[in-house]
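Examining the three-dimensional arrangement
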Amino acid sequence: RKGFWILFLAILAVGAFLRFHDLGRAILWIDEIGVASFGEVSKSVGRIVSEIYGAKFKAFTGQHVPFQYVLMNSFYHLYSLFGLKVDPSWDSYSFYVRLPFALLGLLTLPVICGVASRVFNRKVGLWTMGVMAVSCFHVWQSRDSTSYSPLVFFLSLNLLGLTGMIQRQAVFPRWKYSSEVIFVLGTAGALFT
């Protein structure tokens, strides 16, 4: 059991390093600029959602649903609570725009470990987490402020809840309906992403 947690934390540390190291070094590309500007702090979450649904999911570059913009907007508000004014003229702007997406990418690692551990065993869970931690695709998409990282996170949550429902075991044993709640959150999040 102790060995599992040591390996788990080591894999999580490698995953964190790959997702956060030099996160703001490159300038934002066009889709990221769209997310950063459409999710601007002056808009409310309700306004962002209504504008996207009102435009029939046509945003800057075509088809989009609101989550990436809502996530960015929420982090802009969080940054302002801590006294950070994030704007394009700031040197660390790219880092702060990408940060919420990198966090979701990192959070996907323990969730996918939980899925594989439930379906197979803890050893397979660690291997799955390790492969995802160094996966070029997942690392790249976690360092990108678009919908890919949130989508993989919510689909992983969906699978975690689904495996708990199929096995008739709560994901969190002290909370009877945790599998169902996690399944619904994962499904709703994936559809909103």
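Scope of this entry: the structure provided in the associated data block. (Residues numbered from 1 in each chain as written. Predicted model: local features only at pLDDT ≥ 70, side-chain atom pairs only at ≥ 80, totals over all residues. Heavy atoms only, no water.)

Some thoughts on the overall build of the protein chain
Stated formally: Secondary structure elements follow DSSP: runs of H or I of four or more residues count as helices, runs of E of two or more count as strands, with numbering from the N terminus. Here the globule rule is a power law, 2.2 Å times the number of residues to the power 0.38, and the radius of gyration is based on C-alpha atoms. Here the term buried applies to any residue with accessible area under 20% of the maximum for its type, exposed to any over 50%, and partly exposed to those in between, with areas from a 1.4 Å probe on protein chains only. Contacts between residues were defined by any pair of non-hydrogen atoms, one from each residue, lying within 4.5 Å. All accessible-area figures derive from a Shrake-Rupley calculation using a 1.4 Å probe, and residue coverage is judged against the displayed protein chains alone. Charge counting follows a simple rule: Lys and Arg are positive, Asp and Glu are negative, and His as well as the terminal groups are ignored. Charge placement uses NZ in Lys and CZ in Arg. For Asp and Glu, CG and CD serve respectively.
Helix and strand counts for the protein chain stand at 9 helices and 2 strands. Moving toward the C terminus, one meets the helices and strands of the protein chain in the order α-α-α-β-β-α-α-α-α-α-α. Expected size for 193 residues packed as a compact globule is a radius of gyration near 16 Å; at 18 Å, the protein chain falls within 12% of this value. C-alpha extents for the protein chain along the principal axes are approximately 50 × 35 × 30 Å. The buried share of the protein chain, taken over its 193 residues, is 44%. Residue pairs at least 24 apart in sequence account for 70% of intrachain contacts in the protein chain once pairs closer than 6 positions are excluded. Accessible area for the protein chain stands at about 10800 Å²; split by element, carbon and sulfur atoms hold 70% of it. Distance between charge centroids for the protein chain: 16 Å, based on 17 positive and 9 negative side chains.

Looking at the side chain of Ser179
Rules: Whenever a nitrogen or oxygen atom comes within 3.5 Å of another N or O atom, the pair is scored as a polar contact, on the condition that within protein one atom can donate a hydrogen and the other can accept it, and that pairs from neighbouring residues in sequence are kept only if both atoms are in side chains.
Note on placement: Ser179 falls in helix H9 (residues 178-192). Of the polar contacts made by the side chain of Ser179, one reaches the backbone oxygen of Gln169; its length is 2.8 Å.

A few points about the layout of surface pockets
Let me state the cut-off plainly: As defined here, a cavity is a set of points on a 1 Å grid over the protein atoms alone where a 1.4 Å probe fits but cannot get out. A pocket is an open set with protein on both sides within 12 Å along at least five of seven lines, and residues line them when an atom is within 4 Å of a point. Grid points are joined across faces, edges and corners, and a volume is the space filled by probe spheres set on the points. Note that Gly is not counted as nonpolar here; it falls among the polar residues with everything else outside the nonpolar set of Ala, Val, Leu, Ile, Met, Phe, Trp, Tyr, Cys and Pro and the charged set of Asp, Glu, Lys and Arg.
Its boundaries defined by the atoms lining it, the largest pocket holds a volume of some 400 Å³. At the level of elements, helix H1 (2-20) and helix H5 (93-119) are the ones that each hand at least two residues to the lining of the largest pocket. Ranked by the residues each element gives to the lining of the largest pocket, the list is headed by H5, at 6 residues. Of the residues in the lining of the largest pocket, the class split is 11 nonpolar, 2 polar and 2 charged. Space inside the second largest pocket adds up to approximately 280 Å³. Around the second largest pocket, the lining comprises 14 residues; the ones closest to its centre are Tyr76, Val86, Asp87, Pro88 and Tyr93. Elements supplying a minimum of two residues to the lining of the second largest pocket: helix H2 (30-38) and helix H4 (67-81). Sorting elements by how many residues they give to the lining of the second largest pocket places H2 first, with 3 residues. For the lining of the second largest pocket, the per-class residue count stands at 9 nonpolar, 2 polar and 3 charged.

Regarding the environment of Arg1
The topology assignment puts Arg1 in the segment before H1. For Arg1, a relative accessible area of 73% puts it in the exposed group. For the pair Arg1 and Arg122, spaced 121 residues apart in sequence, the C-alpha to C-alpha distance is 9.6 Å.

Side note on the pattern of salt bridges
Going by this rule: A side-chain nitrogen of Lys or Arg and a carboxyl oxygen of Asp or Glu constitute a salt bridge if their distance falls within 4 Å.
With the rule as written, the count across this model stands at 4 salt bridges. Residue Glu51 is joined to Lys43 by a salt bridge in which the shortest nitrogen-to-oxygen separation is 3.5 Å. You can call Lys43 buried: its relative accessible area is 7%. The salt bridge involving Glu51 is made with Arg47; its shortest N-O contact spans 2.7 Å. You can see Glu51 and its partner Arg47 sitting in helix H3 (residues 45-54), 4 residues apart, about one turn around the helix. By relative accessible area, Arg47 is classed as partly exposed at 40%. Among the charged side chains, a network of salt bridges with common partners joins Lys43, Arg47 and Glu51.

Notes on the packing of helix H8 (residues 148-167) against H9
For the record, the criterion: All axes here are fitted lines through C-alpha atoms, helices being fitted over the stretch that makes contact, and every angle between N-to-C directions spans 0 to 180 degrees. In what follows, roughly perpendicular refers to angles from 65 to 115 degrees, roughly parallel to angles under 35, roughly antiparallel to angles over 145, and oblique to any angle outside these ranges. Here a crossing is taken to be left-handed if its near helix is turned anticlockwise relative to the far helix by less than a right angle, and right-handed if that turn runs clockwise.
In the contact formed by H8 and H9, the axes pass within 7 Å of each other and the chain directions differ by 150 degrees. As summarised for this structure, H8 and H9 are arranged roughly antiparallel, according to the angle between their axes. Crossing hand, H8 versus H9: left-handed. The residues of H9 that touch H8, namely those facing Leu151, Phe154, Leu155, Leu157, Asn158, Leu160, Gly161, Leu162, Gly164 and Met165, are Ser179, Glu180, Ile182, Phe183, Leu185, Gly186, Thr187, Gly189 and Ala190.

Purely spatial values, then, with no claim about function.
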